[in-house]
Amino acid sequence: AKEAGRNTFRFFNQKIHDDSVARMEMERQLRGALERGELEVHFQPLVSARDGQLVGAEALLRWTHPVLGRVPPDRFIPVAEQSDLIVSIGSWVLDEACAQAARWRKARNGAFIIAVNVSPRQFSSPGLVDTIRACVDKYAIPHGQLEIEVTEGLLIRNPGEVRDAMLALEAIGVTVALDDFGTGYSSLSYLRAFPFHTIKIDRSFIRDLSDDAEDCALVVAAIRMARALGLKVVAEGVETEMQSRFLTRQESDVLQGYLFGPPIAAKDFFVDWVQNRPG
Ligand code: C2E
Ligand code: CA
Ligand code: CA
Ligand code: CA
């Protein structure tokens, strides 16, 4: 038994070692990725639940490494988040997304909401509000057309500072969405304590809508509650007509998912969604 314990320990250590080596190597690769032009922002359509019309897009970061190929954001964002890299990469994503949105607003001669993910470390970094304000000025973003998506994890550490930052954003017409709603622990109290504008119901709830009565009940309750609090509701991960109909009937505001379109490069988004489709 002693021997087995030692082996388990050694194995465990080895695994931690491998993980941290892999992590460090990824961080090293990621450090030069921006300069080498390996990063790209993709855009996924956001459509009105009422009539299916395009209302905007979520910006989603993509990394194509020359050797590793496509590295999924779920793998490299946490690495960037654990170093200072998320701040520089995040600023770049924000600028890139807002620049495209400004072009598309012009082409459509109408509104276009651009949603940008901001991770906890980036949100808490000094100058975040200044960076966003500069972007709003640079691209003359109309009120309510830039939405920052944050997750519940942000709200735990420095609630006072986060709340102040959210109020400062609200003052310049930038809205904040609570992403992955329903996956955390106490989203309810957070919704009261912070000036959110939108909740994004996590796609795990949407996925099981067809065959899971409890998930249906949860989604219905989440939408009702958001309504009562005056919040906008976005449902993400919509893949089927049935889900879409259900969410529309329950009065979600905005739908997002493969049913409407996957995240695609800016030039494709322009052709598929902006050109010849006035808003
Ligand atoms: P998220 O913010 O929850 O983004 C939605 C994810 O759901 C995206 O994955 C999107 O491609 C995927 N998705 C959209 N529609 C469907 C659908 O119908 N079915 C399914 N199965 N999936 C769908 P993606 O692009 O791989 O991004 C993963 C996560 O990485 C994001 O989750 C977000 O947390 C993070 N991320 C991506 N870009 C950025 C960024 O620029 N900054 C930060 N901080 N995080 C980012
Ligand atoms: Ca998001
Ligand atoms: Ca999400
Ligand atoms: Ca997520």
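Look up a bit, the structure's there.
Summarised in this report is the structure supplied together with it. (Residues numbered from 1 in each chain as written. Chains lettered and ligands numbered in written order. Predicted model: local features only at pLDDT ≥ 70, side-chain atom pairs only at ≥ 80, totals over all residues. Heavy atoms only, no water.)

Glancing now at the overall build of the protein. Along its length, the protein carries 12 helices and 10 strands. For the protein, whose C-alpha radius of gyration is 20 Å, the value lies close to the compact-globule estimate of 19 Å for 279 residues. The dimensions of the protein, computed from C-alpha atoms along their principal axes, are 65 × 45 × 40 Å. Buried positions account for 48% of the 279 residues belonging to the protein. Expressed as a percentage of contacts within the protein between residues at least 6 apart in sequence, the contacts between residues at least 24 apart total 67%. Just so you have it, the protein exposes about 14600 Å², and 53% of that area is on carbon and sulfur atoms. (Helix = DSSP H or I, 4+ residues; strand = E, 2+ residues; numbered from the N terminus. Rg over C-alpha atoms; globule rule 2.2 N^0.38 Å. Buried < 20%, exposed > 50% of the residue type's maximum accessible area, 1.4 Å probe, protein only. Contact = heavy atoms within 4.5 Å. Areas by Shrake-Rupley, 256 points an atom, 1.4 Å probe, with all protein chains shown as cover.)

Right, let's get into empty space enclosed by the protein. Counted under the stated rule, the structure contains one cavity of 30 Å³ or more. Taken as a whole, the largest cavity spans an internal volume of roughly 40 Å³. Taken together, L46, V55, I113, A115, E147, K232, V234 and V254 form the lining of the largest cavity. At the level of elements, β4 (113-117) and β8 (232-235) are the ones that each hand at least two residues to the lining of the largest cavity. Across the lining of the largest cavity, the residue classes break down as six nonpolar, no polar and two charged. (1 Å grid on protein atoms, 1.4 Å probe; cavity = no way out; pocket = protein on both sides within 12 Å on 5 of 7 lines; lining within 4 Å. Points joined across faces, edges and corners; volume = space filled by probe spheres on them. Nonpolar A, V, L, I, M, F, W, Y, C, P; charged D, E, K, R; others polar.)

The calcium ion (ligand 3) binds to the protein through D179 (OD), D180 (OD), E236 (OE) and E236 (OE), with metal-donor distances spanning 2.3 to 2.5 Å. In terms of primary sequence, the donors binding the calcium ion (ligand 3) are separated according to D-D-x55-E. Taken as an interatomic distance, the gap from the calcium ion (ligand 3) to the calcium ion (ligand 2) is 4.0 Å; D179 donates to each of them. Given a relative accessible area of 27%, D180 falls into the partly exposed group. (Donors = N, O, S within 2.8 Å, 3.2 Å for Na, K, Ca; no water.)

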